Amino acid sequence: RLLAKGPVKLRLDVQNSFGGPARERNVVAVLEGSDPSGMVLLGAHFDSWDPAEGAFDNGAGVAMQLKAARVMKALKIRPKHTIRFVFFSGEEQGLNGSRAYTERHKGELDKTWAYFDTHGTTSFFEGFHLNGREDLEAETRTRLEPLAALGADRVSSHADFDGDNESFIVVGVPTYTERAEPGDFHARHHTIIDNFERLDPRMLSLQTAVMAVAAYSFANAERAPGRRLSPAEVCDLLKRTGLEPLYEMEHGPVVVKPTW
């Protein structure tokens, strides 16, 4: 409106300072299984962006994981295999929290059967993306059968690097992200309207139910939905899904090591 009335002049007095590296932390909770040979990991990032509260990105993701953990604890559920819940910090700054997790817990990645990443959406979960792992499809469909009544048992091979899922894809762990219509998520996140009052409580409850049932179903299975990929297989996956240029843009050339 000001531009329509005539020339506009702006003067900005911006005083920024940049300190050194800061120490952060991930938040971890564990629901121990009776058989320690396998583990299902649920993750979301609890850091946010500056303009607003980060309700969708990614407060909602953290809330649904926390509620799923509380429900399982209240019901005294003990799955066959362990379910671990992790809130990562530093996702917005380069996946720092999840990359640190995969480094610190690299001795556990072979027994990490699945990683479920929740990055935030305003729509109902229809199922999960396999991030290019077609080899997981048959087992995954079987594990998601309890969600058929909700219409949340669909799978697709779609792959992306939208969040902390990247950290687990590149170390070969079977990785799942929510399959849903984006809705107006991309109009809200990282903006001044990413606020708590715009969350739909019923939708958040449904999303929580989907994540809890999926985690419980995978943790109670007799075997992993698929094996961990070797470094060479990860490189092939990144090329096949078109993710290699995105990885190289952020981290440099993909380097294949003989073993993990």
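A few points on the structure. All values reported here derive from a predicted model rather than from experimental measurement.

What about the overall build of the chain?
In terms of regular secondary structure, the chain is built from 9 helices and 7 strands. Its C-alpha atoms put the chain at 70 × 45 × 35 Å along the principal axes. A burial count over the chain gives 48% of its 260 residues as buried. As displayed, the chain offers around 14200 Å² of accessible surface, 53% of which is attributable to carbon and sulfur atoms. Separation between the mean location of the 31 positive side-chain charges and that of the 37 negative ones in the chain comes to 4 Å.

Observations regarding the packing of aromatic side chains
Under the definition given, this model contains 10 aromatic pairs. For the pair Phe88 and Phe168, a centre-to-centre distance of 6.1 Å together with 45 degrees between the ring planes defines the contact as tilted. Taken together, the residues Phe88 in strand β3 (residues 81-88) and Phe168 in helix α5 (residues 165-169) connect sequence positions 80 residues apart. Through pairs of rings, three or more aromatic residues link up here, namely Phe88, Tyr101, Tyr115 and Phe168. Against the face of Phe218 rests Arg143, its NZ or CZ located 5.5 Å from the ring centre.

A word on the environment of Gly172
Tracing the backbone through its elements, the reader meets Gly172 in the loop between α5 and β7 (175-179). Given the relative accessible area of 1%, Gly172 is considered buried. Spatially, the C-alpha atoms of Gly172 and Met211 are 22 Å apart, while their sequence positions differ by 39 residues.

Here we look at the pairing of β3
If a strand is regular, its side chains alternate between the two faces of the sheet. By the criterion of burial, β3 is predominantly enclosed, with 8 of the 8 residues buried. Two strands pair when backbone bridges link them, and strand β1 (residues 27-31) and β3 are joined in this way by 5 bridges, in the antiparallel orientation. In the sheet register, Leu31 faces β3, and the bridge partner there is Ile83. Note: strand β2 (residues 35-45) against β3, 8 bridges, orientation parallel.

Side note on unusual backbone geometry
Look at the link from Asp57 to Asn58: it is a cis peptide, with omega at 5 degrees. The topology assignment puts Asn58 in helix α2 (residues 55-74). Of note in this structure, Leu95 is not a glycine but carries a positive phi near 60 degrees. Examined against the element boundaries, Leu95 turns out to sit in the loop between β3 and α3 (96-104). The phi dihedral of His190 falls on the positive side, at around 65 degrees, and the residue is not glycine. By the element assignment, His190 lies in the loop between α6 (185-188) and α7 (201-219). On the basis of relative accessibility, which here comes to 30%, the residue His190 falls in the partly exposed class.

Conventions adopted
- Residues numbered from 1 in each chain as written.
- Predicted model: local features only at pLDDT ≥ 70, side-chain atom pairs only at ≥ 80, totals over all residues.
- Heavy atoms only, no water.
- Helix = DSSP H or I, 4+ residues; strand = E, 2+ residues; numbered from the N terminus.
- Buried < 20%, exposed > 50% of the residue type's maximum accessible area, 1.4 Å probe, protein only.
- Areas by Shrake-Rupley, 256 points an atom, 1.4 Å probe, with all protein chains shown as cover.
- Lys, Arg positive; Asp, Glu negative; His and termini not counted.
- Charge placed at Lys NZ, Arg CZ, Asp CG, Glu CD.
- Phe/Tyr/Trp six-rings, centres within 6.5 Å; stacked < 30°, edge-to-face > 60°.
- Lys NZ or Arg CZ within 6 Å of the ring centre and 35° of its normal.
- Pairing = 2+ DSSP bridges.

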